[in-house]
Every structure is written in C-alpha cells, then in structure tokens.
Amino acid sequence: MPGITLDQAKAHLNVTLDADDALLTDKLAAAKAWVSAYTAGDPDADTTPAPIREAVLQLTAHLYQNREASLVGITAMALPFGFLDLLAPYRAFAF
C-alpha cells in the first residue's frame, strides 16, 4: 500500500474543503518525518504496517488541530493518546 495521501489525511480529519490543503500537506509531511525518525523507517513504503500508518494519521490530526505550542483554557496533550503505543514495537533505539 503506498504512502498516506492528502486525501486520506483529509478523510481522517473529516475535512471536505480545499482551503487548508497546503497547511495539511505540511502537517502530513511533518508527521511522516517524525515517525520516520522515531522508527528509522519509511512511512511511505509499500510494506509499512497499519499501526505506523495510523500513527501518521493521528499525528497529522494532532498537528492540524493544535497549531500552537501552548493553549489557554484547555487541557492539552503533548501527543495523541495511544500514539506512542502504536509505534512502540517499531521504535528504533540508538545508543
């Protein structure tokens, strides 16, 4: 299965308008880069496991919905719940 596309990310987010396509493209690229660095793998590879693909979608959604480093008046999470659990079996450790 090829890498996650902008259309897949928009479907995951229930975004139907094209106004944020450039922003979403950047958030998707950032999520893929983060997951790639964490796992030392290519999230766009044809053999990418489903949990890694889900982690990319979750992080893309998190970056899109939480665009500021700090939020006032709400409880914010550093990363989406379960995000690191999805990646744990694929984590690349460096010593």
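Residues numbered from 1 in each chain as written. Predicted model: local features only at pLDDT ≥ 70, side-chain atom pairs only at ≥ 80, totals over all residues. Heavy atoms only, no water.

Caption draft 1: Quick look at the overall build of the protein. Along the backbone of the protein there are four helices and zero strands. Listing each helix as α and each strand as β along the protein from the N terminus yields α-α-α-α. Buried positions account for 33% of the 95 residues belonging to the protein. A fraction of 72% describes how many contacts in the protein between residues 6 or more apart in sequence connect residues 24 or more apart. When the accessible surface of the protein is split by element, carbon and sulfur atoms take 58% of a total near 6100 Å². (Helix = DSSP H or I, 4+ residues; strand = E, 2+ residues; numbered from the N terminus. Buried < 20%, exposed > 50% of the residue type's maximum accessible area, 1.4 Å probe, protein only. Contact = heavy atoms within 4.5 Å. Areas by Shrake-Rupley, 256 points an atom, 1.4 Å probe, with all protein chains shown as cover.)

Caption draft 2: Highlighting helix α2 (residues 21–39). Over its 19 residues, α2 extends 27 Å from the first C-alpha to the last, a length consistent with the 27 Å expected when each residue adds 1.5 Å. Of the positions making up α2, those classed as buried are D21, L24, K27, L28, A31, K32, V35, Y38 and T39. Around the axis of α2, the buried residues are gathered within 135 degrees of arc, so they sit on the same side. Turned more than 90 degrees away from the buried face of α2 sit A22, D26 and A37, all of them exposed. Packing partners of the buried residues in α2 comprise α1 (6–13), α3 (50–65) and α4 (83–87). Just past α2, the residue A40 takes up positive phi, approximately 55 degrees. (Expected span 1.5 Å × (residues − 1). Arc of directions from axis to C-beta.)

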